[in-house]
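Chains, contacts and geometry: an overview
Chain by chain, the residues:
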Amino acid sequence: SPWGHLPWLEIDDKVLTQSWAIARYLARQFGYAGKTPFECAQVDALADQFKDYWNETVPFFYSMYLKHNDMASYFSSINKICLSL
């Protein structure tokens, strides 16, 4: 990667890093970012809510991985939790 970051997106010899910047760029490019300023704000709010959720849950799942110390067991645990929801 150009600056040692993943993910990155390269378009017309220009590089964009940071997953949420890439997601928002692609949403705008493909018409998923909203048509009005209010719709754009709603899309941003949804993305920010997902980021908040992700930031809160990652430590939980990461701690499960450290406890099991192998990927098969880790993903099996995640699958069981998701199926129970």
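The structure contained in this document is the topic of the report that follows. Everything quoted here is computed from the prediction, not taken from an experiment.

Inspection of every chain in the model, using the stated rule, returns three salt bridges. D48 is the partner of K51 in a salt bridge, and the nearest nitrogen-oxygen pair spans 3.9 Å. One end of the pair, K51, and the other, D48, are both in helix α2 (residues 37–68), three residues apart, so they sit about a helical turn from each other. Several salt bridges share partner residues, and in doing so they unite R24, D44, D48 and K51 into one network.

Pairing analysis gives four bridges linking strand β1 (residues 8–11) to strand β2 (residues 14–17), with the strands arranged antiparallel. Looking at β2, one finds that W8 is bridged to T17.

Once that is clear, we can look at the layout of surface pockets. One number sums up the size of the second largest pocket: a volume of about 160 Å³. Forming the walls of the second largest pocket are W20, A23, R24, A27, R28, A33, C40, V43, D44 and A47. Of all the secondary structure elements, the ones that give two or more residues to the lining of the second largest pocket are α1 (19–29) and α2. Tallying contributions element by element places α1 first for the lining of the second largest pocket, with five residues. Residues of the lining of the second largest pocket, tallied by class, amount to seven nonpolar, no polar and three charged.

The tally for this structure, following the rule as stated, stands at three aromatic pairs. Taking 6.4 Å as the distance between ring centres and 45 degrees as the angle between the ring planes, the aromatic pair formed by F50 and Y53 counts as tilted. Of the two residues, F50 and Y53 both sit in helix α2, three residues apart, roughly one turn of that helix. On the basis of relative accessibility, which here comes to 42%, the residue F50 falls in the partly exposed class. With centroids separated by 6.3 Å and ring planes inclined at 25 degrees, the aromatic side chains of F50 and W54 adopt a geometry described as stacked. Placement of the pair is F50 and W54 together in helix α2, with a separation of four residues, close to one helical turn. Each residue in the set W20, F50, Y53 and W54 is aromatic and connected to the rest through ring pairs, giving one cluster.

Turning our eyes to something else, we now look at unusual backbone geometry. When glycine is set aside, most residues are seen to have a negative phi, and most peptide bonds are trans. Within the chain, D12 stands out as a residue other than glycine whose phi angle is a positive 50 degrees. When you line up the elements, D12 lands in the loop between β1 and β2.

The rules behind each value
Residues numbered from 1 in each chain as written. Predicted model: local features only at pLDDT ≥ 70, side-chain atom pairs only at ≥ 80, totals over all residues. Heavy atoms only, no water. Salt bridge = Lys/Arg side-chain N within 4 Å of Asp/Glu carboxyl O. Helix = DSSP H or I, 4+ residues; strand = E, 2+ residues; numbered from the N terminus. Pairing = 2+ DSSP bridges. 1 Å grid on protein atoms, 1.4 Å probe; cavity = no way out; pocket = protein on both sides within 12 Å on 5 of 7 lines; lining within 4 Å. Points joined across faces, edges and corners; volume = space filled by probe spheres on them. Nonpolar A, V, L, I, M, F, W, Y, C, P; charged D, E, K, R; others polar. Phe/Tyr/Trp six-rings, centres within 6.5 Å; stacked < 30°, edge-to-face > 60°. Buried < 20%, exposed > 50% of the residue type's maximum accessible area, 1.4 Å probe, protein only.

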